[in-house]
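Results of the structural survey
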Amino acid sequence: MRETTLQLDVPVVICGSGPVGLAMAIELAMAGVQSLVIERHAGTAVHPKARNINSRSMEIIRGWDAQTLAAMHALDLDPAWKEQIVYTRSLGGEEFGRMRTAGFSGAGLAVSPETPVLTSQDLFEPVFLASARRSGRSDVRFEQQMTGFEVDGDCVRIHVEGRRDPDGEAQLYTLTCRYLIAADGADSGIRRQLGIPVSGRTTIGHYVNVHYTADLSRWTDDRRAVMFWVADDDARGVFQPLDGRGRWLCQIAYDGKPETLAAWNADVCRAWIREMVKDPELAIDIHAIGSWTMNATVADQFSRGPVFLVGDAAQQMPPTGGFGVNTGLQGVHNLAWKLAAVLKGHAGPRLLESYESERRPVAIRNTERSLSNSRVVMRVASAGQGTHPDGLTPAQAVAQTREYGNFLGMEFGPTYDGEFITADGVPLPVVANPISDYLPSAAPGHRLPHALVLADGESRSTLDLVQRSIVLLSFEDRRWKDAITVLSTTYPIRQVSVAPRDDVGALFGIEPDGAVLVRPDGYVAARWTHLPDDPERLISDALARLLGRFPIEA
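Description of the structure in this document. None of the values given here were measured: they were computed from a predicted structure.

A word on the sheet that holds strand E14 (residues 227-231). The eight strands lie next to each other as E6-E5-E14-E15-E16-E13-E17-E20, forming an open sheet whose pairing is mixed. Two strands bound the open sheet, and with one partner strand each, they are strand E6 (95-100) and strand E20 (315-316). Helix-sheet contacts for helix H11 (residues 353-384) involve strand E5 (84-88), E6, strand E13 (198-214), E14, strand E15 (236-241), strand E17 (284-299) and E20, and the interaxial angle to E17 is about 125°.

One open sheet holds the six strands; their spatial order is E8-E3-E2-E12-E19-E18, and the pairing between them is mixed. Either end of the sheet is taken by a strand with one partner, and the two such strands are strand E8 (138-142) and strand E18 (303-304). The pairing of strand E12 (residues 179-182) with strand E19 (residues 307-309) spans three bridges and is parallel. Directly across from Ile-181, in E19, lies its bridge partner Phe-308. Along the sheet, helix H1 (residues 19-30) makes contact with strand E2 (12-15), strand E3 (35-39), E8 and E12, crossing E2 at roughly 160°.

Note on placement: Arg-527 falls in strand E26 (residues 524-528). The exposure class of Arg-527 is buried, given its relative accessible area of 8%. Side chain to side chain, Arg-527 and Asp-424 meet in a polar contact 2.7 Å long. A distance of 3.0 Å separates a polar side-chain atom of Arg-527 from the backbone oxygen of Phe-508. Not counting the four nearest positions on each side in its chain, Arg-527 is found in contact with Asp-424, Val-426, Ala-442, Ala-443, Pro-444, Phe-508, Gly-509, Ile-510, Ala-515 and Val-516.

The element E15 is largely enclosed, with a buried count of five among its six residues. Of the strand pairs in this sheet, E14 and E15 are connected by four bridges, and their pairing is antiparallel. What sits directly across from Val-230, in E15, is Gly-237. Between the antiparallel neighbours E14 and E15 lie four residues. As paired strands, E15 and strand E16 (residues 247-254) are joined by five bridges and run antiparallel to one another. Its bridge partner being in E16, Phe-239 is matched across the sheet by Cys-250. Hairpin remark: E15 followed by E16, antiparallel, with five residues in the connecting loop; positive phi at Gly-244, about 75°.

With that out of the way, let us pick up helix H2 (residues 55-62). Taking burial as the measure, the eight residues of H2 include seven buried ones, the bulk of the element. The set of residues buried in H2 consists of Ser-55, Arg-56, Ser-57, Met-58, Glu-59, Ile-60 and Ile-61. Near the N-terminus of H2, the side chain that reaches the backbone nitrogen of Arg-56, with its oxygen 3.3 Å away, is that of Asn-54.

Before going further, it helps to spend a moment on unusual backbone geometry. Put simply, Phe-550 and Pro-551 share a cis peptide bond, and its omega is 0°. Non-glycine residue Thr-203 carries a positive phi angle of around 45°. The residue Thr-203 is located in strand E13 in this model. You will see that Asp-456, though not glycine, has its phi angle at about 55°, which is positive.

Reading the values: rules and limits
As a convention, each chain's residues are numbered from 1 in the sequence order in which they are written. Residues qualify for local features only when their pLDDT is at least 70, as the model is predicted, and side-chain atom pairs are given and counted only at 80 or more; totals for whole chains, interfaces and linings, by contrast, use all residues. Water and hydrogen atoms play no part in the side-chain values, which are based on all heavy atoms of the structure. For two strands to count as paired, DSSP must find a minimum of two bridges between them. In this description a helix means any DSSP run of H or I spanning at least four residues, a strand means any run of E spanning at least two, and both kinds are numbered starting from the N terminus. Two residues form a contact once any of their heavy atoms are found within 4.5 Å. The axes used here are C-alpha line fits, helices contributing only the stretch in contact, and every angle between their N-to-C directions lies in the interval 0 to 180 degrees. Burial classes follow relative accessibility: with a 1.4 Å probe on protein chains only, a residue under 20% of its type's maximum area counts as buried, one over 50% as exposed, and anything between as partly exposed. Polar contact criterion, stated in full: a pair of N or O atoms within 3.5 Å, where within protein one must be able to donate a hydrogen and the other to accept it, and residues adjacent in sequence count only if both atoms are side-chain atoms.

Here is the structure:
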């Protein structure tokens with residue numbers, strides 16, 4: 001093997017080119033930061049894996065570029081497939097019930113300018129890769145295996161085994177960077193080397209994934225659904241449409257024994273599918289068979305020194321709800337701007353502590369809810385078999401699955417608090433069910449609410465006004481702009497004025513002379529219901545707080 005040392009002028013190395021690793025590269029590029037992505041596989045995913053990119057994640061992708069956004073929407077299932085989940089004994093047998101799914105069909109334009117995209121990872125990963133490469137700041141290299149790393153002060157040295165040449169000889173080399181991002185999956189080698197444990201439940205269930213093409217329209221055309229859960233006396237699983245044109249993914253439960261898994265060949269998979277549709281002659285073209293184990297765990301730490309865990313390296317959760325990839329995407333959206341701010345000297349190093357303090361509670365909540373969703377689905381199966389622990393009928397058990405497909409509160413409602421947010425003391429909105437219900441709020445620590453406003457003579461979503469920068473959003477009161485003009489020589493901040501409207505003021509909780517300070521990730525850092533006596537000083541204090549420049553003078 002040949003060994004060389006590459007001294008690359010790249011501040012961030014990302015280990016793993018799954019959707020979360022690629023999203024990290026794109027977010028860094030949007031913030032003007034170069035990154036290098038190394039991936040041990042030869043290319044993007046070949047198995048469908050993740051399917052749902054929820055509305056909040058699509059809001060993030062909306063900020064990348066119009067080409068990526070259009071490509072993602074082009075992959076989306078027809079809306080008729082996204083409105084319900086169907087529970088049955090078998091696809092060709094007794095139906096237990098249906099549940100409407102606003103979480104998969106979208107919250108509506110009153111809440112978000114985006115709708116979820118339901119597709120498959122083998123299709124959307126190449127879209128992410130193209131976006132990363134198009135940015136001009138992301139170098140993505142396949143067949144590059146990280147073999148270890150060391151942290152030496154402010155430098156991380158990463159040892160890599162590159163792809164083999166025609167003679168079968170691999171190149172060994174060392175990269176140096178300022179920050180290392182562990183996007184290397186649930187079995188993260190970086191997390192193991194750091195010695196960071198995970199907490200939660202492991203080996204909850206074992207599943208065979210079958211990717212195939214078959215004409216199931218006879219059983220699905222009159223009840224199109226996000227997924228069809230099946231459970232008879234001998235088998236449990238789920239049918240998931242991938243394109244609405246005959247491409248499907250089945251997840252089939254098995255006992256976790258290696259010998260059982262080894263028996264799941266193409267013929268056995270075909271037999272299972274045919275039994276579940278009650279058609280022994282159904283033509284089935286099997287594309288791939290895989291397996292996975294369900295875990296519900298969260299890393300005890302999300303960072304150590306200059307190394308940060310993202311995606312499945314930080315949290316693993318049951319797929320019930322589709323929150324795995326979305327939690328990862330929203331996590332790197334939180335982290336990337338902070339890394340960029342520190343690298344550029346705008347922020348203090350303490351800002352990076354807020355990644356864990358803000359995102360780990362969200363990961364814990366999403367993991368627990370995903371596990372709860374899995375349990376209620378399994379209880380539908382037990383109700384169908386007459387063994388529900390509370391004696392519920394299948395229809396009653398289906399009624400208890402509402403939070404599985406209706407999770408707008410989980411999606412849009414996460415809030416951040418702590419020393420990086422300037423609280424304003426205004427009471428927060430209260431919802432009946434924080435999982436399914438969402439009330440927009442511009443309170444500090446909340447996602448900036450979407451509203452169509454008039455800015456520079458153009459109707460735009462408030463979300464589009466942030467553009468990965470710190471923004472002071474106000475109505476057309478010149479005094480805010482004057483304050484920002486002074487501060488912008490010290491801080492990276494823009495002022496955006498929108499045409500005054502009573503409904504927007506009420507939505508944001510501000511008067512015509514009020515304003516909100518918004519972080520690059522679209523979360524409100526501070527809010528002033530009225531113009532204060534000394535806006536320059538208060539904005540300066542809030543900026544220092546959100547950028548981790550402590551201590552802040554009273």
